[in-house]
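So you can see what is in the structure, the chains are spelled out below.
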Amino acid sequence: MNFGFFQILQLIGSLGIFLYGMKVMSEGLQKIAGDRLRNFLSAMTSNRVFGIFTGLLITILVQSSSATTLMVVSFANAGLVTLGQAISVIMGANIGTTVTAWVISLFGFKIDIATYAVPIVALSIPFIFSGKSNRKSWGEFIIGFAFLFIGLQYLKDSVPDLKNHPQALEFLKDYASGGFGSTILFMFIGTILTVVVQSSSATVAITLIMCSKGWISFELATAMVLGENIGTTITANIAAIGANVTARRTAIAHLLFNVFGVLFALIFFTPFIKLVVHIISNYGPGDPRMLFDFLADLGPERASLLETDVSQVSDPALLRDIEMRNTGITAVSFGLSLFHSLFNVFNVLIMIWFVNVYVYICRKIIPDKKQKSKGEEFQLKYISFGMLSTAELSIAQAQKEMAVFGERTSRMLDMVKELVVEEDEEKFAETYNRVEKYENICDRMELEIANYLSKVSEGRLSAEGKEHIRNIIRAVTEIESIGDSCYNLAKNIKRREDHKANSTPQMQKNILHLLDLNAKALQRMNFILSKSEVQPDDALESYNIENAINNFRNDVQISSLDEINSKEYTYQEGVYYHDIINEGERLGDYILNVVQAVVEKRF
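Bear in mind the structure is a predicted one, so any value in this text is a computation, not a measurement.

Parameters and conventions
Residues numbered from 1 in each chain as written. Predicted model: local features only at pLDDT ≥ 70, side-chain atom pairs only at ≥ 80, totals over all residues. Heavy atoms only, no water. Helix = DSSP H or I, 4+ residues; strand = E, 2+ residues; numbered from the N terminus. Buried < 20%, exposed > 50% of the residue type's maximum accessible area, 1.4 Å probe, protein only. Contact = heavy atoms within 4.5 Å. Areas by Shrake-Rupley, 256 points an atom, 1.4 Å probe, with all protein chains shown as cover. Core = buried A, V, L, I, M, F, W, Y, C linked by side-chain atoms within 4.5 Å. Phe/Tyr/Trp six-rings, centres within 6.5 Å; stacked < 30°, edge-to-face > 60°. Lys NZ or Arg CZ within 6 Å of the ring centre and 35° of its normal. Salt bridge = Lys/Arg side-chain N within 4 Å of Asp/Glu carboxyl O. UniProt positions renumbered as here; feature names shortened; annotations may be inferred. Expected span 1.5 Å × (residues − 1). pLDDT = per-residue confidence, 0-100. Polar contact = N/O pair within 3.5 Å; in protein donor to acceptor, adjacent residues only side chain to side chain. Patch = residues over 30% accessible without salt bridge, like charges linked within 9 Å, V, L, I, M, F, W, Y side chains within 5 Å. Axes fitted to C-alpha atoms, helices over the stretch in contact; angles between N-to-C directions. Left-handed = near helix turned anticlockwise from the far one by under 90°. Nonpolar A, V, L, I, M, F, W, Y, C, P; charged D, E, K, R; others polar. Parallel < 35°, antiparallel > 145°, perpendicular 65-115°, else oblique. Arc of directions from axis to C-beta.

S.K.: Sorry if this is basic, but what is going on with the overall build of the chain here?
M.R.: Looking only at helices and strands, the chain features 24 helices and zero strands. Taken across its 603 residues, the chain has 50% of its residues classed as buried. Put simply, 80% of the contacts in the chain that link residues at least 6 apart link residues at least 24 apart. Approximately 28,600 Å² of the chain is accessible, and the part contributed by carbon and sulfur atoms is 59%.

The following block contains the structure:
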């Protein structure tokens, strides 16, 4: 088994084709689906059972639990699914990954879709060169699908061929008689093999070959299957490096789920094996443990003759031994498939009731980033430059971040209201500094989101996606103006306090009433930003609040002239008062602009 520098380059190139195919296929799918993808995921993961069936279905279709988990990590990074929903999908993926082993056991073959990959590329050509963007998106999806499996086939052909060169693992038979210690050792070997080969199905095939050679018993083979369940989680954890907190928690949840399941299986390992043996012995080809004892009794010389082609054998005893060996291999294959399936089904049936516990543990292992003074530091929650998602998913991340941006401006307005009534100079100065700090955060958030969207726009985007980006940038700019307006209000209030200007009870009442109207408008804006789907009618309440703000500002201006004439306060004090009122009215305009950008053209 030669594996030199050229073979390493082949392996890397194969991986590149595979990843490129996955990227193109994902982008094409997202262009086709648009917002429907998010709605579908929301519906399919609305409860734990639906989430499990979603993971099961996707894994059966793509025949890879690692691919499904990578998708879930990407969705979690985009904020499209919660941690609890992601965990339920991963549970289903673990069951779905056992289907391939059953196909091999029942039919003795696996459909080689790579054979049809090149014709699939041919089918995509008319779509790729179509003038309609929707058809182009379908073309990208189809050609990405083909590249995915072309790369997968090259990848399988490029990895060290342990399956056809199992002699590389023959030394392991020397460690097969160590009792429970051997069980732990071979579980660890199964983990390492899966990490190296990056295919749980390939690991099962290698395990079956080792059993057929008589190197390890059926019990140790099941231990390797347990290890494979741990090894298959590594891919998602590598992909989540540099992603946001939710994505990293999703990846670690996959690892914890499988590790806890393996520990549970080890506790009941002996009765579990007996259950599998009982089912296969009574309803299947026979006792899967028989093969190891049969080959051991034959001895190495006699066992080597079993590899002879049946057509060239005339000895009835040898033919009988070959038939018994083949029956034993079939029994082991069924036994390993049943063990794998039962392990994952039992694991899901038990752990489904502890999803919230997993969520709690993952949050403890990967806590939220530490924040100072109740979160008063610059921090993007959903956008991660280390893991730039495909274009359409990245837009969803920007939308989520925009909603966080809106919440920050709402907290700024609350601080401004505190400044109006604060009488203690030290507390006033502290609150004012907080407002100033938030204004700097708003400036940086606008810049970071805009830079992120610039990177997103460099990828393949549908016409709708480009329109989404334009509207997000428009809304983000208006939200930053809300932050500026809140800061201007704080400066006007501070200027009034610095000049010891008189503030009548009616002034205070009017200012607070105007800020309450603004707070109500902000609350409505943030509600709209958090909605997955909006309707034109959603903007009606915002228009009504804006009209109320404008009417109140006009009433204050009219009444203020009478109050100045009646000497209730000086003209200069009236100037400070009017500056605050006018800025409050401008704040209402910025809030309405955000609502218009969202409702008139929902991203």
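S.K.: Looking at this model, I keep getting lost on the nonpolar core. Mind explaining?
M.R.: Soluble globular proteins: nonpolar side chains tend toward being buried together. With 63 residues, the main nonpolar core has Leu-413, Ile-482, Met-525, Leu-529 and Val-594 as its most contacted residues. Those residues within four positions of Ile-482 in sequence are excluded, and the remaining contacts are Thr-409, Leu-522, Met-525, Leu-587, Tyr-590, Ile-591 and Val-594. Ranked by size, the runner-up nonpolar core spans 37 residues in total, among them Trp-215, Leu-291, Val-332 and Phe-343.

S.K.: For this particular structure, what's the right way to read the packing of aromatic side chains?
M.R.: Any two aromatic rings considered together are summarised by their centre-to-centre distance and by the angle between their planes. Taken as a whole, this structure holds seven aromatic pairs when the rule is applied. Seen in terms of ring centroids, Tyr-432 and Tyr-487 are 6.3 Å apart; in terms of plane orientation they differ by 35 degrees. Their pairing is tilted. Of this pair, Tyr-432 sits in helix H20 (residues 425-457) while Tyr-487 sits in helix H21 (residues 463-498); the two residues are 55 residues apart in sequence, bridging distant segments of the chain. For the pair shown, Tyr-432 and Tyr-487 are each scored as buried. The structure contains a cluster of three or more aromatic residues connected by ring pairs, namely Phe-257, Phe-260 and Tyr-358. A cation over an aromatic ring shows up here: Lys-494 above the ring of Tyr-432, its NZ or CZ 5.5 Å from the ring centre.

S.K.: I tried to follow the pattern of salt bridges on my own but got confused; where do I start?
M.R.: Note that side chains of opposite charge can pair when their charged atoms are close. Inspection of the entire model under this criterion finds twelve salt bridges. The shortest N-O distance in the salt bridge between Arg-289 and Asp-287 comes to 3.3 Å. Look at Asp-287 and you get partly exposed, because its relative accessible area is 25%. Note that Arg-553 and Glu-585 form a salt bridge whose closest N and O atoms lie 3.6 Å from each other. Here Arg-553, found in helix H23 (residues 540-565), pairs with Glu-585, found in helix H24 (residues 571-600); they are 32 residues apart in sequence, far enough to count as distant. Connected via shared salt-bridge partners are Arg-524, Lys-531, Asp-538 and Glu-541.

S.K.: I keep staring at the UniProt feature "transmembrane region" (unreviewed entry) in the chain and nothing clicks. Help me out?
M.R.: UniProt tags residues 50-75, 87-107, 138-155, 175-197, 255-280 and 342-362 as "transmembrane region" (unreviewed entry). Helix makes up 96% of residues 255-280 and strand 0%, and the two end C-alpha atoms of the span are 30 Å apart. Helix makes up 86% of residues 342-362 and strand 0%, with an end-to-end C-alpha separation of 26 Å.

S.K.: For this particular structure, what's the right way to read H23?
M.R.: Along an α-helix, a turn takes 3.6 residues, which lines up residues three or four apart on a common side. Between its first and last C-alpha atoms H23 spans 39 Å; for 26 residues at 1.5 Å apiece the expected length is 38 Å, and the two agree. Among the residues of H23, those classed as buried are Ser-542, Ile-545, Glu-546, Ile-549, Asn-550, Phe-552, Arg-553, Val-556, Ser-560, Glu-563 and Ile-564. Phi turns positive, to about 65 degrees, at Lys-567, one or two residues after H23.

S.K.: I would appreciate a short explanation of the confidence of the model for the chain in the present structure.
M.R.: Interpretation of this model should avoid reading the predicted coordinates in detail wherever pLDDT is low. Mean pLDDT for the chain: 78, with 75% of residues reaching 70 or above. The spread of mean pLDDT over the elements of the chain runs between helix H2 (residues 35-44), the lowest at 57, and helix H22 (residues 505-530), the highest at 92. In this model, residues 161-166 is a region of pLDDT below 50 whose contacts with residues beyond four sequence positions or in other chains number 13 contacts.

S.K.: Would you mind showing me how to read the side chain of Arg-325 here?
M.R.: Tracing the chain through its elements places Arg-325 in helix H17 (residues 316-351). What makes Arg-325 buried here is its relative accessible area of 10%. Only 3.2 Å separates the side chain of Arg-325 from the side chain of Asn-326, close enough to count as a polar contact.

S.K.: I would appreciate a short explanation of unusual backbone geometry in the present structure.
M.R.: Glycine aside, residues mostly have negative phi, and peptide bonds are mostly found in the trans state. In this structure, Lys-500 takes a positive phi of about 50 degrees despite not being glycine. Unusually for a residue other than glycine, Lys-567 sits at a positive phi of about 65 degrees. Position of Lys-567 relative to the elements: it lies in the loop between H23 and H24. Relative accessible area serves as the criterion here: at 72%, Lys-567 is assigned to the exposed category.

S.K.: What am I meant to see in the environment of Thr-82 here?
M.R.: Tracing the backbone through its elements, the reader meets Thr-82 in the loop between helix H4 (65-77) and helix H5 (83-96). Residue Thr-82 is classed as partly exposed on the basis of its relative accessible area, which comes to 46%. For the pair Thr-82 and Val-359, spaced 277 residues apart in sequence, the C-alpha separation works out to 9.8 Å.

S.K.: How do you make sense of a nonpolar patch on the surface when you look at a structure like this?
M.R.: Taken together, Phe-5, Ile-8, Leu-9 and Ile-12 make up a surface patch of nonpolar side chains, about 410 Å² in accessible area. Tracing the sequence through the fold places Leu-9 in helix H1 (residues 5-33).

S.K.: What am I meant to see in the packing of H5 against helix H18 (residues 355-365) here?
M.R.: Angle between the axes and distance between the axes are the two parameters that describe a pair of packed helices. Here H5 crosses H18 at 115 degrees, and the two axes come no closer than 9 Å. Here the hand of the crossing between H5 and H18 comes out right-handed. On the side of H5, the interface is formed by Leu-83, Gly-84, Ile-87 and Met-91, while H18 contributes Val-355, Tyr-358, Val-359 and Cys-362. Here the residues of the contact of H5 with H18 are counted per class, giving seven nonpolar, one polar and no charged.

S.K.: What's the story with the packing of H5 against H17 in this structure? I'm lost.
M.R.: With their axes 9 Å apart at the nearest point, H5 and H17 run at an angle of 160 degrees to one another. The angle between H5 and H17 falls in the class roughly antiparallel. H5 and H17 meet at a crossing whose hand is left-handed. Judged by residue contacts, Met-91, Asn-94 and Ile-95 of H5 engage Asn-344, Val-345, Val-348 and Met-351 from H17. Along the lines of polarity and charge, the residues of the contact of H5 with H17 split into five nonpolar, two polar and no charged.

S.K.: What should I look at first to understand helix H15 (residues 290-298) in this one?
M.R.: Listed in full, the buried residues belonging to H15 are Leu-291, Phe-294 and Leu-295. Down the axis of H15, the smallest arc covering the buried residues is 95 degrees, so these residues share one side. Turned more than 90 degrees off the buried face of H15, the exposed positions are Ala-296 and Asp-297.

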